[in-house]
Amino acid sequence: MPDATLALCKESDAILFGSVGLPDRDPTVPKDERPERAALLRLRKEFQLFANLRPVVLWKQLAYACPLVKERHGTGIDILVVRELTGGLYFGTPKSIESIGSGQKRAMDTMIYSTSEIERIAHMAFQAAQERAKYDGGRKSKVTSIDKANVLENGVLWREVVSEVGKQYPNVAMEHMLVDNAAMQLMLKPSQFDVLLCENLFGDILSDEAAALAGSLGMLPSASLGAAKGGRFFGLYEPAGGTAPDIAGKDVANPIAQILSAALMLRYSFGLREAHDAIVSAVGKAIADGNRTGDIFTAAVSSAKKVGTTEMGDAIAGAI
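This write-up is about the structure you can find in this document. Within every chain, residues take consecutive numbers counted from 1 along the sequence as written. Local features are withheld for residues below a pLDDT of 70 in this predicted model, meaning they are given only at 70 or higher, and side-chain atom pairs are given and counted only at 80 or more; totals for whole chains, interfaces and linings count all residues. Derived side-chain values reflect all non-hydrogen atoms in the structure, with water molecules and hydrogen atoms excluded from consideration.

**Structural notes on helix H4 (residues 153-166)**
Since there are 3.6 residues in each turn of an α-helix, residues three or four apart along the chain are aligned in direction. By definition, any uninterrupted DSSP run of H or I lasting at least four residues is a helix, any uninterrupted run of E lasting at least two residues is a strand, and each is numbered from the N terminus. The span you would expect from a helix comes to 1.5 Å times its residue count less one. A rise of 1.5 Å per residue sets the reference length of H4, with its 14 residues, at 20 Å; its end C-alpha atoms lie 20 Å apart and thus fit the reference within 8%. Classification of residues uses two cut-offs on accessible area relative to the type maximum, computed with a 1.4 Å probe and protein chains only: under 20% is buried, over 50% is exposed, and between them is partly exposed. Listing the buried residues of H4 in full gives Asn154, Gly155, Trp158, Val161, Val162, Val165 and Gly166. The arc that holds the buried residues of H4, viewed along the axis, is 135 degrees, so those residues lie on one side. If you follow the buried residues of H4, they end up packed against strand E3 (78-84), helix H3 (115-135), strand E6 (142-147), strand E7 (173-178) and strand E8 (195-198). To obtain the arc, one takes the directions from the helix axis to the C-beta atoms. Should any heavy atoms of two residues lie within 4.5 Å, those residues are considered in contact.

**A few points about the packing of helix H5 (residues 179-188) against helix H6 (residues 200-212)**
Here H5 crosses H6 at 10 degrees, and the two axes come no closer than 10 Å. The orientation of H5 relative to H6 falls into the category roughly parallel. Contacts from Val179, Ala182, Ala183, Leu186 and Met187 of H5 reach H6 at Phe202, Leu206, Glu209 and Ala210. A breakdown of the residues in the contact of H5 with H6 according to their chemical character gives 8 nonpolar, no polar and 1 charged. Helix axes use the C-alpha atoms of the stretch in contact, all axes being lines fitted to C-alpha atoms, and the angles between their N-to-C directions lie in the range 0 to 180 degrees. By definition in this entry, angles of less than 35 degrees are roughly parallel, angles greater than 145 are roughly antiparallel, angles of 65 to 115 are roughly perpendicular, and the rest are oblique. Under the convention adopted here, Pro, Cys and the residues Ala, Val, Leu, Ile, Met, Phe, Trp and Tyr are nonpolar, Asp, Glu, Lys and Arg are charged, and Gly plus all remaining residues are polar.

**As for the packing of helix H7 (residues 256-268) against helix H8 (residues 273-288)**
For the pair H7 and H8, the least separation of the axes is 7 Å and the interaxial angle reads 160 degrees. Classified by the angle between their axes, H7 and H8 sit roughly antiparallel to one another. Considering the relative orientation of H7 and H8, their crossing is left-handed. Contacts from Ile256, Ile259, Leu260, Ala263, Leu264, Leu266 and Arg267 in H7 reach Arg273, Ala275, His276, Ile279, Val280, Val283 and Ile287 in H8. Among the residues forming the contact of H7 with H8, the class breakdown is 11 nonpolar, 1 polar and 2 charged. Note on convention: near helix rotated counterclockwise from far helix by under a right angle means a left-handed crossing. Clockwise means right-handed.

**What about the pairing of E7?**
Strands qualify as paired when DSSP identifies two bridges or more between them. In terms of strand pairing, E6 meets E7 through 6 bridges, oriented parallel. If you follow isoleucine 146 over to E7, its bridge partner there is methionine 177. Chirality of the crossover, the property in question, places the unit of E6, H4 and E7 among those that are right-handed. By the criterion used throughout, a crossover qualifies as right-handed when its path from the first strand across the helix to the second strand runs clockwise, the strands pointing away from the viewer.

**Re the pairing of strand E9 (residues 221-229)**
Bridge count between strand E2 (residues 51-57) and E9: 3 bridges; the pairing is antiparallel. By the bridge assignment for E9, leucine 53 is matched with alanine 223. Pairing analysis gives 7 bridges linking E9 to strand E10 (residues 232-239), with the strands arranged antiparallel. Counted as the bridge partner of leucine 225 is glycine 235 from E10. Counted between consecutive antiparallel strands, the loop separating E9 from E10 contains 2 residues, among which glycine 230 sits at a positive phi close to 65 degrees.

**Re the nonpolar core**
Within the largest apolar cluster, 31 residues are counted, with the highest numbers of intra-cluster contacts made by Val82, Val143, Leu197 and Tyr237. For this core, the elements supplying multiple residues, two or more each, are E2, E3, H3, H4, E8, E9, E10 and H7. Take this core: its biggest share by element is 8 residues, from H3. Apart from residues no more than four positions distant in its own chain, valine 82 is found in contact with Asn52, Leu53, Ile121, Met124, Ala125, Val195, Leu196, Leu197 and Cys198. Definition of nonpolar core: a set of buried residues of the types Ala, Val, Leu, Ile, Met, Phe, Trp, Tyr and Cys, connected through side-chain atoms within 4.5 Å. In terms of nonpolar packing, the next biggest core, distinct from the first, is built from 23 residues, Ile77, Val81, Ile146 and Met177 among them.

**Examining the pattern of salt bridges**
A side-chain nitrogen of Lys or Arg and a carboxyl oxygen of Asp or Glu constitute a salt bridge if their distance falls within 4 Å. One pass over the structure, following the stated rule, counts 18 salt bridges. A salt bridge links glutamate 46 to lysine 10, with the nearest nitrogen and oxygen atoms 3.3 Å apart. Taken together, the residues glutamate 46 in helix H2 (residues 35-46) and lysine 10 in helix H1 (residues 3-10) connect sequence positions 36 residues apart. Of the residues examined, glutamate 46 reaches a relative accessible area of 36% and is grouped as partly exposed. Three or more residues joined by partner-sharing salt bridges are found here, namely Glu131, Arg267, Arg273 and Asp277.

**Some words on the environment of lysine 45**
Locating lysine 45 in the fold gives a position in helix H2. Here the alpha-carbon distance between lysine 45 and phenylalanine 91, two residues 46 residues apart in the chain, equals 9.0 Å. Excluding anything up to four places from it in sequence, lysine 45 contacts Thr86 and Phe91.

**Structural notes on the environment of aspartate 277**
Relative to the elements of secondary structure, aspartate 277 occurs in helix H8. Look at aspartate 277 and you get partly exposed, because its relative accessible area is 28%. Distance from aspartate 277 to leucine 40, taken between C-alpha atoms, is 28 Å for residues 237 residues apart in sequence. Any pair of N or O atoms that falls within 3.5 Å is considered a polar contact. Within protein, one atom must be able to donate a hydrogen and the other to accept it, and sequence-neighbouring residues count only if both atoms are side-chain atoms. Within the structure, the side chain of aspartate 277 is placed 2.9 Å from the side chain of histidine 276, a separation counted as a polar contact.

Below, the structure written as structure tokens:
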């Protein structure tokens, strides 16, 4: 993470991010210099990007790509995962690996949350649920808060604080769910969820599990946001998937997650809701017209046409 790059980010209104990490190279680099720690975690901390929003949508035309049988899709899969991003186990200290003698080592990570950290991410989740209902008249807004209150003190505080914040949003239904049950319910009945509110570790895991429901990581954008100023957020926007070096330069990668990440940037950092909606609609039209990159293609659908990265991007741009 060069100083010049960080300086450029500080002069900007938003960061549109690609993906980082090379599986063959990273193990040879000191762990504090690997891109996840040196770049991603640093950017989150530097800009206090405390809220990660990951929309998980299974497009109707791509129902076949979902690993669940169609009977489990219910009324449709449209979930927003709201993950706290700058607290918990990933940032808590002390954090170490130490020798304790007799050839033994001991690893330590610390899970820490304060009331204010929980409050601000909870407000983000309840406000997101309100907004989703506003733009989708038939939606009943609900926040499902995820914790492990039966064994973790963090979970006890999390549940207590979220319950208090929820009282400020009487038009949004609220429920608490233990993380192990939530992992199961995502597979059994994903349509029951509207907004999933998670602390850092649980959100990291559940958002990737939920991502599978959309048929491909190549379909999923994300936004990492700081505090709002004048109704706009400084944010980092990136696709949910990794770098996939095995397919680099072959014109086969699905560009939709990156394109939808740019749409989220227009919406949250620049206040351009209509531009965001235009891009989302264009993605929908490209899919409805049968365009499919390899990760979402099946020969079983006669109208599907296998296309490359460039052709998919052109189809979406042409539909704006």
